[in-house]
Structures are given as structure tokens and as C-alpha cells.
Amino acid sequence: MMRKIPIRRLLSAVMAVCTLFVLMMTASSCSLFISGAVEHVETTDLNGGWTMSRVPDVSDQGSDLSKVGYSTGEGWFNATVPGTVLTSYYNAGLIPDPYYSDNMLKLDESYYNVDYWYRKDFEVPSSYDGRRVWLNFDGINWKADVFVNGNSVGSIEGAFIRGQFDITDYVNVGEMNSVAVYIHWCNSDVKDMPSFLCSNSWDWMPAIPGRNMGIYKDVYLSASGAVTLDDPFITTDLNEPDYNKADVTITTDVTNHTDKKVSGSITGTLTPNSGEGKKYKFSKKVSVEAGETVSVVIDDITMKDPDLWWPNGLGDPDLYTMNIYFKSGDVSDAEDVVFGVREYSYEYEASDGEQTSEDDMILNVNGQRVFCRGGNWGIPESMLNWTDKDFENAIRLSKEEGFTMIRCWHGTSDFPAFYKYCDEYGIMVADEFWLNGPETPNDTGMFMDNVRDKIKRIRNHACLAFWIGANEITPPGALDWKIAKEINELDGTRTYISASNSDELTGGITYQIMDLEWYFTNGRNVGFTTEYGCVNIPNIESLRNFLEEEDLTLSAISNDVWDHHESDNDQYGNKQFDKYVSWIYDRYGAKGSETCKDIEDFCRNAQLINYETFKAMFEAWNVGMFESTSGALLWMSQQGWPAVVWQTYDYYMEENGAFFGCKSANEVVHVQYNYATGEIQVINNSLIDYNNAQITAEIYNLDGSLVYTETQSVNAARSTATDSFNLFTGGANLKNNSSLSDVYFIRLKLVDSDGNLLSENNYWRGKQDQDYTALKDLGEASYSASASKEDDGESTVITLTIKNESSNVAFATRVKAIRDNA
């Protein structure tokens, strides 16, 4: 038996939301740092135009550096903002490409691992006259002291907290002003958290000189009136079981930054992003005493038949935008908040069937069970160089793979575009904080300030499914209790799980390549696993992007340069890279005295092993869907560094065999073969029951001749894995069928009761276990291709039709789009 729990309420007696308002000092005559709202009535971009220098090379202080016209001399160069120190060095032409060959290793870390100065002259627009002027930093790694026009205006502590400074009294509106930022280097050690811990190296990326310090998110000015809105939060409570009505609650802090009482109104509109459907308006009168912050609750909105946000494959990820503003005469402050109408709930089941809140979790969205399929993301790009478009492309690829979830490992994908596109593409997020191992950060106060700010920043995102305290360990000391308390008070709509591998979740199943049958037997653990992976060599074109010609040979594989790009079997031995390489030879490369001809042949064979392995990992987890399993997340699906491990598309966003294996296994409705038992099964992750569907299994020999075919009806209920017939027994008799060639092909088709194709799946098998060397006997296929193009003004869709014109089997055909530079 199972029970549904809306949210996990640890220590609920002491975590109840009881703070309704907080008194603050007046900000009319002094600078004030606020960790809070960052969108105001008017903003001015301050990205670009910065210079930087190592602190050891500068003798002047912030009071001098932040004066207009300060003369920068030797040691200063153009800085990339947003960006990191090492990115700035590269963009300024001072270092070679750190990603190519072993260039990163050749950099002298002691030179870059120091504090840095950033400075910029800027103009405050004349339209800011008579208003409060704010200087905003969305993210600096790691600590920073900020100076404006010779004045210290405050500091920022932690890589994941916003910095907002009231600089009204320090700037000249309509004139040039200056800002200087002193950034403190950290070792990206657990003791220094929160920072980018893996910048100090992990088993999927090298250490980054400078440890990704810098102004790595946006910088801008904003203007407001006397009163500001701080982090408005919108929640939707859906009725059960129909989920056709949502009670809406809006909460926001309202701060008066003057020495006089201000009265006005909070007004806003909820608008569907689709442009269709009903809009909802709200308004509430508010009075705020001088220097006071009050919490305002608006809870009289009911949405009827709202557009619901659904995870990928279950429906459209519909979104709404709340425009909210405070008005006292003129508009003083305004924000746009994107949100989704959805409701998360959680079921728990112990492996022995006992009811408990501490065992395997099944996630529900809008009352529907969701099988969580996806992968782990570390730093999206190892030097934090991604644009918003890069985030969109990667998350779109995740959607195409049939993924429903990304784990934000160590919280290092914490960028606005990450959550924005997960919202838009229906990818749920398991979000994590910045803890690894048993050590407690030196400054737990700083750590918790970052925790609170992160919760406030991302809690409106529909994609956020649950919170994780730490990677593979319960947060040390009192941090576990403190994090849970803040999540309950500041969010209260999602569950909190202390560790990525305990109780509700399980940890690393394997990180090395295994026999395909293993995934369906020993490898199919119980529950929801957060780490499950395999080595993955990319296509040859990608290898050429980061390896020199001398390293692109079979004899060079696993040399020092390959090791630098993560082929090394590290101290844990979890990769077993050499095993992966040997299996490429054993399964595909060797035939008699032959081996892989060259590195191109080796990479082609690698894609075959990538495809079948990654497909098997997900299909094995499909077998026990919602009976013994509820989620599987790859280690890793996204690679932030040019590497030869743990990816489904590579650093250059080139899809490899693993991508297509995942895409096949994670179809919403999927027909599959069990390598261990021979069972044919239908996996139905949709909201539809498919009664009287038909499965057809066909077996072909290497020459393309049909050896066996069988068709059976099946009733495939939603959220269920349904067994059908078995290919080890009966007419197929795969275990003892003498008519099969050394390598043969299995093709499965599933159609609905009207004959519409729901799923097609293909396998190749060897009579001698996983010996596929007979594939070398396949004759060469010849192809014809035709293409059509549709252009709607915003996007172009090219439909390519490929036909095998030969009598030979066309196996593992690769299609690649190449830019025409002519």
C-alpha cells in the first residue's frame, strides 16, 4: 500500500510559517544591501565595458579605483562580464584555448588563483532623477566588496546570492559614475561553500585556474519609487480529483525605503502565456510605515479550468505570467513572474511494503504518476560560458530524449535560463544545495543566506519538483534541519530530501559499462536512482575539436591527453574506461586478425555500444515501472567539458549513440525487449489507456531475410508496464534457433486499435552472447535522399527522406547536418 503526501513536513511544529513582517532600518540616508527582488520599473544593462586586474598587480584601493576616469595601466585588460576570470584571459587573447589538448594543464594556477579587481565607468540615465537607484549583481563568485564613486556600498558573500545596493546618495544622475569590485578568490573547497565545488576538479572535469571566480551573471542598474516589492511568490492549490480549479495565493514583501509612511495598492494580472484563455486581475490596498517591511497575502483568486503545466510527454507545459506592481500615485515598483498551475505530491513505499515517509518515492504531478527519466547536470559549461540560447538548445535535446527530469547536481546549473527553459520544455528539476562530504562550511551563516536567496529566486518555477540537501550525504550538523526549515517556510509546496542517495532516493548503481543482461537483473535496483551511467566516447568530429592529430590514433587512446579529458580510471575506479575500450574491440572491432581500422572506425563502433548500453539502462528501469522502480537519472546526460565520459550529447551538442538510445527507450508509449528474460513489454507513460493494441515482433537474419514473425493483442493501461509474449520460448526460440545468423535483428512494432503506429524498436543480437563482429560481413548499402522545407518566418523545418536502394541491410546509418559555408 502507498500513501500520498503533499509535502514532507520535518519538525513541522517548529517550521510553521509565522513571521508576517520584519522591521528594517530606514534606507533614506545610507547604503543598504538587500537580498531580494531585482526587477524594477526601469533597468539599465551594465554588462560589458569592464576592465580587470590581479590584486597583487594593483596598489590602489577601492576608494581610488571607483573614481570616474581612473587611469588603468599595465596589468589591466578587458574583462568579460558576465563571465569568469579565465574566460576574460582567453577572450583578451592572453592564453590559448583552455579546452584544446592539455592547454589547461599548462596554465600556472598560482598566477590565476588570486583576488581580482573589476572596474567600470557608467552613466546613470537622466530618467532616474528623483527615484531610488539600485546597483544589482545577479551572481559573483565568490565574495565581493563593492565601491561606487569612492564609497564602499557593501559586500556580497557567496556565489549564489544576489547583491542589490541602494546607491541613490552616491551617484550623479545624468552623468558618468564609476564602480569597482574587489573579488575574493576561494579554493572551491567544501569549507568555502557555497561556490562551484567541481571547479577544483571532479571526475568529469579538470581543475579550472581561478576556480571560476568573476562576475558571472548579469549586472544592471534599476530605478524604483519609495516602495519596492521583494520576491513575490505565487502558489496554486488544485482541487482533487478533477484538477479543474485552482485557488491562487500571492505573497510578497513590501518595503518602504523612506522615513515617511506610504499608502498605495498592490495590483496585478495573471495572463496565460499562450495568449488564449481567461485573465485574472487582483488588487489590495497596503500601507507601509517608514522603514518597514510587511508581508502581504492575496488569496481571493480562483482560476477555473486553468491551463495546467505538465512534464514532458504528459501534456503541454502551459505557463502564466503574473504582472504585479505597487502604485502610490505613480508606479513605484513592478515585476513579471512566470509560473505554472500544477501540483506536486509524493507517494512513498518501503521495499517490504510497509507504509513510511522515508522510503522509495513516486512523484505525482496533477494527480498523475510521472516516471522520472533523465540525467544529472553539473556545471553546464565548465567555465560558465553558456548563453541563454545554449541552455535552450541543451534542454530541447533533453526533451527530445524523452527526459522528464534533470538533477541540478550541487546546485551548479543555477542560472535563470536553465529554469526558464525547463519550465518551457516541461523538464522537472531535482534541485540540490552546495554540499558534498561530511565537512561543514566555515561560515554557516553565509551558507544559509545563500540557501534562503536561492529558494526565493527559483520557487516560482513550475519545473522545480523537489529539493535535495546534499550530494550522497545528509547535510552535516544543524544544516539539514536549517535547510528543511527554510524550505518549509519560504516554499512549502515541495518535499525536501536530505541526501541524494538515502531513504526516498538511491545512489550510484554503476558508472562502468556492463553486459546488457546485467541491467535487467543485478542492475535493476529498487526505487528512484539519482546516478546511473557509463563511459561515452563522442563522434570523431568532436574529438578533432579538442585533440591534436597525434592523439587521434588507436595507440594514443588513454594517453595523458585522453586522461586529461577524463579517460583516466580515477582513484575510485568507477569509470573502468579501459574496460569500455576493450569491449568495443571485443564486440565490434575484432574479426579474426582484424581490429578497428583506425580512430574513425573505433568511434563509429563506440556509437553502437553507446546506443545499446544507454537504451538498456532505461529499458531495464522501465520493466518495474511504479512496481519496483520510479525514476532513473543518468550520470551524466550533460557534459560541460570536452570529455570522453558520461554524456548523451557532447560538449559541442553533437548527439551520439547514447542520445538515440535514450530517445528510443524513453518514448511516452514504448515497446521493448528484455535482454535477460526475452519478454516483450509495453511501457505506457501517457494519460491514455491503449486497449486492443497490437505488438508485432519480427526477426531478420544478417542478409535481411525474415526468419520469424508474431503478432499479439495487448491492453496497455496508463502508468503501467504490461507484459506480452516471450521470444525465448515459443516459435521464436531465440536461445536455440539454429536458423539464425551469427548476428540477427529484432524489430518490434506497436500499433493502436486503429492501426496507428505508437512505437517501433530495433535490436541486434549475437548468437554468441554480445559478439557482433559478424556485422563486418554486411555489404555496403546505397541510399537515395529527398528533402522538403517549410519556413513560417520564425523557424525552418527540413524533412529528409532516406531510402535504402540496395539489397543489403542498412545498419546504423548516421545523418548529420553540415553548415554550408559557401
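Bear in mind that the values here come from a model prediction, so they are computed numbers and not experimental data. (Residues numbered from 1 in each chain as written. Predicted model: local features only at pLDDT ≥ 70, side-chain atom pairs only at ≥ 80, totals over all residues. Heavy atoms only, no water.)

## Focus on a negative patch on the surface
Argument step 1. Together, Asp586, Asp742, Asp769 and Asp771 line one region of the surface with negative charge.
Argument step 2. As for its position among the elements, Asp742 is in the loop between β37 (720-726) and β38 (743-751). (Patch = residues over 30% accessible without salt bridge, like charges linked within 9 Å, V, L, I, M, F, W, Y side chains within 5 Å. Areas by Shrake-Rupley, 256 points an atom, 1.4 Å probe, with all protein chains shown as cover. Salt bridge = Lys/Arg side-chain N within 4 Å of Asp/Glu carboxyl O. Lys, Arg positive; Asp, Glu negative; His and termini not counted. Charge placed at Lys NZ, Arg CZ, Asp CG, Glu CD. Helix = DSSP H or I, 4+ residues; strand = E, 2+ residues; numbered from the N terminus.)

## A few points about the environment of Leu363
Argument step 1. Considering the arrangement of structural elements, one finds Leu363 in strand β23 (residues 360-365).
Argument step 2. Leave out the neighbours within four places in its chain, and Leu363 touches Tyr344, Ser345, Tyr346, Gln368, Arg369, Val370, Cys372, Met405, Met428 and Ala465. (Contact = heavy atoms within 4.5 Å.)

## Side note on the nonpolar core
Argument step 1. Core analysis: the largest hydrophobic core is formed by 240 residues, its most contacted members being Tyr118, Leu135, Phe137 and Phe466.
Argument step 2. The greatest single-element share of this core, amounting to 14 residues, is contributed by helix α14 (residues 599-623).
Argument step 3. If we skip the residues at most four places from it in the chain, Leu135 touches Leu46, Val146, Val148, Gly163, Gln164, Phe165, Ile167, Val179, Val219, Tyr220 and Leu221. (Core = buried A, V, L, I, M, F, W, Y, C linked by side-chain atoms within 4.5 Å. Buried < 20%, exposed > 50% of the residue type's maximum accessible area, 1.4 Å probe, protein only.)

## Brief notes about the packing of aromatic side chains
Argument step 1. Taken as a whole and assessed by the stated rule, the structure comprises 51 aromatic pairs.
Argument step 2. Between Tyr99 and Tyr651 the ring centres are 5.1 Å apart and the planes differ by 65°, which places this aromatic pair in the edge-to-face class. Of this pair, Tyr99 sits in the loop between α3 (85-91) and α4 (103-106) while Tyr651 sits in the loop between β32 (629-634) and α15 (657-665), and the two are 552 residues apart along the sequence.
Argument step 3. By relative accessible area, Tyr99 is classed as buried at 7%.
Argument step 4. Arg54 extends its terminal NZ or CZ atom over the ring of Tyr111, reaching a point 4.1 Å from the ring centre.
Argument step 5. Its guanidinium or amino end placed over the ring of Tyr421, Lys420 lies 5.2 Å from that ring's centre, counting from NZ or CZ. (Phe/Tyr/Trp six-rings, centres within 6.5 Å; stacked < 30°, edge-to-face > 60°. Lys NZ or Arg CZ within 6 Å of the ring centre and 35° of its normal.)

## Quick word on unusual backbone geometry
Argument step 1. In the segment running from Met193 into Pro194, the intervening peptide bond is cis, with an omega of 10°.
Argument step 2. In this structure, Pro241 follows Glu240 across a cis peptide bond, with omega equal to 5°.
Argument step 3. As for its placement among the helices and strands, Pro241 is situated in the loop between β15 (227-238) and β16 (245-256).
Argument step 4. The phi dihedral of Asn212 is positive, around 60°, even though this residue is not glycine.
Argument step 5. On the secondary structure map, Asn212 appears in the loop between β12 (176-184) and β13 (214-215).
Argument step 6. Under the relative-accessibility criterion, Asn212 is labelled buried at 2%.

## As for helix α13 (residues 577-589)
Argument step 1. Those residues of α13 lying buried are Phe577, Tyr580, Val581, Trp583, Ile584, Arg587, Tyr588 and Gly589. For α13, the angular spread of buried residues about the axis comes to 165°, placing them on one side.
Argument step 2. In this fold, the buried residues of α13 make contact with α12 (560-567), α14 and β39 (757-766). (Arc of directions from axis to C-beta.)

## A look at the environment of Thr493
Argument step 1. By the secondary structure assignment, Thr493 is in the loop between α9 (479-490) and β29 (495-499).
Argument step 2. Sequence separation between Thr493 and Leu740 is 247 residues; the distance between their C-alpha atoms is 56 Å.
Argument step 3. A distance of 2.6 Å separates a polar atom in the side chain of Thr493 from a polar atom in the side chain of Asp491.
Argument step 4. Among the polar contacts made by the side chain of Thr493, one reaches the side chain of Arg494 at a distance of 3.4 Å. (Polar contact = N/O pair within 3.5 Å; in protein donor to acceptor, adjacent residues only side chain to side chain.)

## Observations concerning the sheet that holds strand β9 (residues 143-148)
Note: strands within a sheet are paired through backbone hydrogen bonds, in either parallel or antiparallel orientation.
Argument step 1. The strand order β5-β4-β6-β12-β9-β10 describes an open sheet built from six strands, whose pairing is antiparallel. Edge positions in the sheet fall to β5 (77-79) and β10 (151-157), since each of these pairs with one other strand and no more. On average, adjacent strands in this sheet sit at an angle of 30° to one another, irrespective of strand direction.
Argument step 2. The pairing of strand β4 (residues 50-54) with β5 spans three bridges and is antiparallel. Bridge pairing in β5 links Met52 to Phe77. (Pairing = 2+ DSSP bridges. Axes fitted to C-alpha atoms, helices over the stretch in contact; angles between N-to-C directions.)

## Some points on the side chain of Asn701
Argument step 1. You can see Asn701 is positioned in the loop between β35 (690-700) and β36 (706-716).
Argument step 2. Not counting the four nearest positions on each side in its chain, Asn701 is found in contact with Val707, Ser739, Leu740, Ser741, Val743, Tyr744 and Phe745.

## Overview of the pattern of salt bridges
Side-chain pairing between opposite charges can occur once the charged atoms of the two side chains come close.
Argument step 1. What the rule picks out here adds up to 35 salt bridges.
Argument step 2. The partner of Glu531 in a salt bridge is Arg407, and the shortest N-O contact between them spans 2.9 Å. Of this pair, Glu531 sits in strand β31 (residues 527-531) while Arg407 sits in strand β26 (residues 405-408); the two residues are 124 residues apart in sequence, bridging distant segments of the chain.
Argument step 3. Look at Glu531 and you get buried, because its relative accessible area is 3%.

## Let's talk about the packing of α13 against α14
Argument step 1. The N-to-C vectors of α13 and α14 enclose an angle of 95°; their axes lie 10 Å apart at closest approach. On the basis of their axis angle, the class for α13 and α14 is roughly perpendicular. On α14, the residues that touch Tyr580, Val581, Trp583, Ile584, Tyr585, Arg587, Tyr588 and Gly589 of α13 are Phe602, Asn605, Ala606, Leu608, Ile609, Asn610, Glu612 and Thr613.
Argument step 2. Here the residues of the contact of α13 with α14 are counted per class, giving ten nonpolar, four polar and two charged. (Parallel < 35°, antiparallel > 145°, perpendicular 65-115°, else oblique. Nonpolar A, V, L, I, M, F, W, Y, C, P; charged D, E, K, R; others polar.)

## Thoughts on the sheet that holds strand β28 (residues 464-470)
Argument step 1. If you walk across this open sheet you meet the eight strands as β29-β28-β27-β26-β25-β32-β31-β30, and the pairing is parallel. For this open sheet the edge positions go to β29 and β30 (506-508), each flanked by a neighbour on one side alone. Going across the sheet, the axis of each strand differs from the next one's by a mean of 25°, ignoring polarity.
Argument step 2. Relative to β31, β30 is paired through two bridges, and the arrangement is parallel. If you follow Gly508 over to β31, its bridge partner there is Glu531.

## So, the side chain of Gln681
Argument step 1. Its place among the elements puts Gln681 in strand β34 (residues 679-684).
Argument step 2. In terms of polar contacts, Gln681 uses its side chain to reach the backbone carbonyl oxygen of Val623, at 3.4 Å.

## Considering the environment of Asn200
Argument step 1. Within the secondary structure, Asn200 is located in the loop between β12 and β13.
Argument step 2. Distance from Asn200 to Gly210, taken between C-alpha atoms, is 9.3 Å for residues ten residues apart in sequence.
Argument step 3. Beyond its immediate chain neighbours, meaning those up to four positions away, Asn200 contacts Asn187, Ser188, Ala207 and Arg211.
Argument step 4. Side-chain polar atoms of Asn200 contact the side chain of Arg211, separated by 3.0 Å.

## As for helix α7 (residues 416-425)
Argument step 1. For α7, the buried fraction is high: seven of the ten residues fall into the buried class.
Argument step 2. Tucked into the core, α7 has its buried residues touching β25 (372-377), α6 (388-400), β26, β27 (428-432) and α8 (444-458).
Argument step 3. Looking at the residues trailing α7, positive phi occurs at Gly426, about 75°.

## What to know about the pairing of strand β6 (residues 116-123)
In the case of a regular strand, side chains alternate between the two sheet surfaces.
Argument step 1. Among the eight residues that make up β6, six are buried, leaving the element largely enclosed by the rest of the structure.
Argument step 2. Sheet topology note: the β4/β6 ladder contains four bridges and is antiparallel. Note that in β6 the partner of Ser53 across the bridge is Trp117.
Argument step 3. The pairing of β6 with β12 spans eight bridges and is antiparallel. For Arg119, the partnering residue across the bridge sits in β12 and is Ala180.

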